[in-house]
Amino acid sequence: SSSTIFGNLSVTGTNIAPAAADAGQIGIGLLRLTLNATGERINITSINVTSNNTANRDVLSVRLFNDTGGATLGTYERGVDLPVPGASGVFGGTSGGSVLLTPTTPMQVENGTLVYIYVGVDVNTTASIGADRLAVSIQSATAVNATGNESLVSLTAQLITGDPGGATDIRN
């Protein structure tokens, strides 16, 4: 008798929100997602990001960024780590809610490796100045849509931490 082992994906969110950002500032990193695949390569087709913002109008867009290297692996470097093509959107409504970010092509996490993806925002030029106005989270394991590359089995990620807290003030 034989058995098939399918892949697994764990997701750990880490707060990387800076203390403050300026109105009109682009690519402010708020959340690092550490993705760990076991069993097989995992393809991520979308990530649902929840708004913990004070006011969604403060955010012009929400984007995913690849850790493309830079000086330090696992550290978001604004202007160096590049946006994931197609993975951008806007929070609807006045506050709360979520946005489904869907890359043009699935993001791949190789078996036995860690991949870092960052959730960042572009701050609206008309954003309201104030404390703790910008924050995002991943609220459930089903927020990450993933499929095993070899098994083609859709899987539910193991969400270790999705809402690590942290918020950014808007100044200027």
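These lines cover the structure that appears in this document, whether it is placed above or below. Since the structure is predicted, the reported quantities are computational estimates derived from the model, not experimental observations. (Residues numbered from 1 in each chain as written. Predicted model: local features only at pLDDT ≥ 70, side-chain atom pairs only at ≥ 80, totals over all residues. Heavy atoms only, no water.)

For the rest of this paragraph, the subject is unusual backbone geometry. The residue Leu152 is not glycine, and still its phi comes out positive at about 60°. Relative to the elements of secondary structure, Leu152 occurs in the loop between β12 (144-148) and β13 (154-155). For Leu152, a relative accessible area of 65% gives the class exposed. Positive phi, normally seen in glycine, also occurs at Asn172, with a value near 60°. Along the polypeptide, Asn172 turns up in the segment after β15 (168-171). (Helix = DSSP H or I, 4+ residues; strand = E, 2+ residues; numbered from the N terminus. Buried < 20%, exposed > 50% of the residue type's maximum accessible area, 1.4 Å probe, protein only.)

Time to look at the packing of aromatic side chains. Tallied over the entire structure, the rule returns two aromatic pairs. Residues Phe65 and Tyr76 carry aromatic rings whose centres are separated by 5.5 Å and whose planes lie at 65° to one another, so their mutual orientation is edge-to-face. With Phe65 in strand β5 (residues 59-66) and Tyr76 in the loop between β5 and β6 (83-89), this residue pair connects regions lying eleven residues apart in the sequence. With respect to burial, Phe65 and Tyr76 carry one shared label: buried. Every member of this aromatic cluster is reached through a ring pair, and the members are Phe65, Tyr76 and Tyr118. (Phe/Tyr/Trp six-rings, centres within 6.5 Å; stacked < 30°, edge-to-face > 60°.)

A word on the environment of Val144. Along the chain, Val144 turns up in strand β12. Its relative accessible area of 3% is what places Val144 among the buried residues. Here the alpha-carbon distance between Val144 and Leu33, two residues 111 residues apart in the chain, equals 11 Å. Aside from chain neighbours lying at most four places away, what touches Val144 is Leu9, Val11, Ile44, Ser46, Ile47, Ile138 and Ala157. (Contact = heavy atoms within 4.5 Å.)

What follows concerns the sheet that holds β15. Ordered in space as β2-β15-β10, the three strands form an open sheet in which the pairing is mixed. Of all the strands in the sheet, the pair left with one neighbour each is β2 (20-22) and β10 (130-134). Looking at each pair of strands side by side, their axes are set apart by 50° on average, direction ignored. Pairing geometry for β2 and β15, over three bridges, is parallel. Each bridged residue has a counterpart across the sheet, and for Ala20 the counterpart in β15 is Asp169. (Pairing = 2+ DSSP bridges. Axes fitted to C-alpha atoms, helices over the stretch in contact; angles between N-to-C directions.)

Function cannot be read off these values alone, since they describe shape.
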